[in-house]
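Tertiary structure, described
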Amino acid sequence: MARVDEIRSIVAEYGRLGVDVGQVADEDSLYSAGMTSHASVNVMLALEDHFDVEFPERLLHRSTFESILNLDQALAELLDQ
Amino acid sequence: MADDALRAAFDELRGRLIEAGHLIPCGVDGVYGKSAEYERVWAGVGAAASRLAAPDGPVLCSFPPLLPRVTFDKVEYVRNFPHLSGPMFSFRGDDRAHAELIRRLDEGQPYADLLQQTDVAFTPACCYPVYSTLTKAVPPGGIVFEHHSYCFRHEPSPDPMRMQAFRMWENVRVATPDDVLDWRSTWLSRFAELFDRLGLDARTDIASDPFFGRAGRLMAQGQRAYQLKIEFLVPVFGESEPTACASVNYHLSHFGELFDIRTADGDAAHSACAAVGSDRCVVALFQRYGMETDTWPSSVRAVLWP
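Residues numbered from 1 in each chain as written. Chains lettered and ligands numbered in written order. Predicted model: local features only at pLDDT ≥ 70, side-chain atom pairs only at ≥ 80, totals over all residues.

The next subject is the overall build of chain A. Helices and strands together make up the secondary structure of chain A, namely three helices and zero strands. Along chain A, helices and strands appear, N-terminal first, in the series α-α-α. Relative to the compact-globule value of 12 Å for 81 residues, chain A shows a C-alpha radius of gyration of 11 Å, a close match. If one aligns the C-alpha atoms of chain A with their principal axes, the spans along those axes are about 35 × 25 × 20 Å. Of all 81 residues assigned to chain A, the portion counted as buried reaches 28%. Of the contacts formed within chain A by residues at least 6 apart in sequence, a portion of 55% connects residues at least 24 apart. (Helix = DSSP H or I, 4+ residues; strand = E, 2+ residues; numbered from the N terminus. Rg over C-alpha atoms; globule rule 2.2 N^0.38 Å. Buried ≥ 20, exposed ≤ 12 C-beta atoms within 10 Å, placed from the backbone. Contact = placed C-beta atoms within 7 Å.)

Attention shifts here to the nonpolar core. The tendency in soluble globular proteins is for nonpolar side chains to be buried as a group. The biggest cluster of nonpolar side chains holds 93 residues, and the ones touching the most others in it are Val45(B), Cys245(B), Val276(B), Val282(B) and Ala284(B). Setting aside its immediate chain neighbours within four residues, Val282(B) contacts Tyr38(B), Val41(B), Trp42(B) and Val45(B). (Core = buried A, V, L, I, M, F, W, Y, C linked by C-beta atoms within 7 Å.)

Time to look at the sheet that holds strand S4 (residues 66–68) of chain B. All names here are of chain B. Spatially, three strands are ordered S4-S6-S5 in an open sheet, and the strand pairing comes out antiparallel. A single partner strand is all that each edge strand has here, and the edge strands are S4 and strand S5 (87–90). Strand-to-strand twist across the sheet, computed as the mean angle between neighbouring axes with direction ignored, equals 50°. In this structure, S5 lies alongside strand S6 (residues 116–122), joined through three bridges in antiparallel fashion. Opposite Pro87, over in S6, you have Ala121 as the bridge partner. (Pairing = 2+ DSSP bridges. Axes fitted to C-alpha atoms, helices over the stretch in contact; angles between N-to-C directions.)

What follows is about helix H1 (residues 3–14) of chain A. All names here are of chain A. Given a rise of 1.5 Å per residue, twelve residues ought to cover 16 Å, and the 16 Å separating the end C-alpha atoms of H1 matches this to within 8%. Among the residues of H1, those classed as buried are Ile7, Arg8, Ile10 and Val11. End-on view of H1: buried residues confined to an arc of 170°, all on one side of the axis. Along H1, the residues that are exposed and aim more than 90 degrees away from the buried face are Asp5 and Glu13. (Expected span 1.5 Å × (residues − 1). Arc of directions from axis to C-beta.)

Turning next to the interface of chain B and chain A. With eight residues of chain B at the contact, the number on the chain A side is seven residues. A per-class count over the side of chain B that touches chain A returns four nonpolar, two polar and two charged. (Nonpolar A, V, L, I, M, F, W, Y, C, P; charged D, E, K, R; others polar.)

This next bit is on the domain arrangement of chain B. Residue and element names in this part refer to chain B. When its domains are assigned, chain B resolves into domain 1 (3–86 + 124–304) and domain 2 (87–122). Using C-alpha coordinates to define each centre, domain 1 is positioned 33 Å away from domain 2. At the junction of the two partners, domain 1 supplies eleven residues and domain 2 supplies six residues. For the side of domain 1 that touches domain 2, the secondary structure elements donating two or more residues are S4 and helix H3 (69–74). When grouped by side-chain class, the residues that make up the side of domain 1 that touches domain 2 number eight nonpolar, two polar and one charged. (Domains from an automatic or database assignment.)

Let's shift gears to the pairing of S6(B). Pairing analysis gives three bridges linking S4(B) to S6(B), with the strands arranged antiparallel. Across the sheet, Pro68(B) pairs through a bridge with Val120(B), a residue of S6(B).

Before going further, it helps to spend a moment on the packing of helix H2 (residues 37–51) of chain A against helix H8 (residues 213–225) of chain B. Running from N to C, H2(A) and H8(B) point in directions that differ by 150°, and their axes come no closer than 9 Å. As judged from the angle between their axes, H2(A) and H8(B) are roughly antiparallel. Note on packing geometry: the crossing formed by H2(A) with H8(B) is right-handed. Together, Ser37(A), Ser40(A), Val41(A) and Met44(A) of H2(A) and Ala215(B), Leu218(B), Met219(B) and Gly222(B) of H8(B) make up the contact between the two elements. (Parallel < 35°, antiparallel > 145°, perpendicular 65-115°, else oblique. Left-handed = near helix turned anticlockwise from the far one by under 90°.)

Moving on, we come to unusual backbone geometry. Positive phi, close to 55°, is recorded for Asp52(A), a residue that is not glycine. Turning to its location among the elements, Asp52(A) is positioned in the loop between H2 and helix H3 (68–80). Note on Asp52(A): 9 C-beta atoms within 10 Å, which makes it exposed. Within the chain, Gln227(B) stands out as a residue other than glycine whose phi angle is a positive 50°. Here Gln227(B) lies in the loop between H8 and strand S11 (229–234).

Okay, the confidence of the model for chain B next. Across chain B, pLDDT averages 95, with 100% of residues at or above 70. Reported confidences for the modelled complex are a pTM of 0.90 and an ipTM of 0.75. (pLDDT = per-residue confidence, 0-100.)

Turning our attention to the environment of Thr295(B). On the secondary structure map, Thr295(B) appears in the loop between helix H10 (278–289) and helix H11 (298–304). Along the sequence, Thr295(B) and Arg184(B) sit 111 residues apart, while their C-alpha atoms lie 35 Å from each other.

Pasting the structure below:
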């Protein structure tokens, strides 16, 4: 499974979006799709478990969790290290 | 202000309050008895806030400073603020466990592992008990509650503005989004007027609650992004270290959904609260005008005791 699809699957399970994740493009705002701050925390923890990474302080910003694309870029950086 | 200078400022103000008898130390930072004069000022602050609230016709109610554990858990307090929380524990063991408890006490050993969690927790904010009483529909036009009670947050500090056991005056509005937003605007004006008349030089700022840890950073950013919390900051220890003495908080439909509170049209109700840290206001007034209330400006006295 491509990384972006794995992210999608975690967002679908933990993001509590108001719409089906299939209707959200990679660059669309997850917050606009209904993801709350609470839910973004759950997405973060699930991504950390799944990819065995830890989001450092510098990535703990709303913008990191704004879209599937942003999450993919953050994970690309973390997994490269 | 450097940490050492700030600590000295805390000690100086707390020392003066204790010397004047207004705060009576109990041996733990942030837990104090209060003088009759302190309580007279505190009652005056609450009454001044209540007079501002009167046009809304709030329902006055009083709750003890304890929350049922089910409510405490439902509002996710431990999840968001585990470091501030006060779940209550007590002993439910048998005679054998009691003997062990006594042995530990006699030897000065820790005994927390012999206690069990009870069905109550200390109330961390005095609006929490209200929501669980509102399940089902609120009347057309919504509703406003007013209450004034002790709260507890586990944050021992030498700062006399930051008590562990402190009182909060609150009005809570539960209604449609438009009504709640109008009400919030009204309270931003009312608090500005109150602090202006008390001469406390408050300024407003967008704020966030002290959420715990890494997850808390995201929560706080979300709260700031939507401008859900606006604080009235008073420079008791200087402009660079102001202390929040009141706040207006918009919860969107958070509590409406959590407690299934519906407006007349069936949608989840929105809510907001206007809160005054009444003990903080008292300490700020003593700091600003001195320990003898007789010498306070007549304009300030007239706000407290018209």
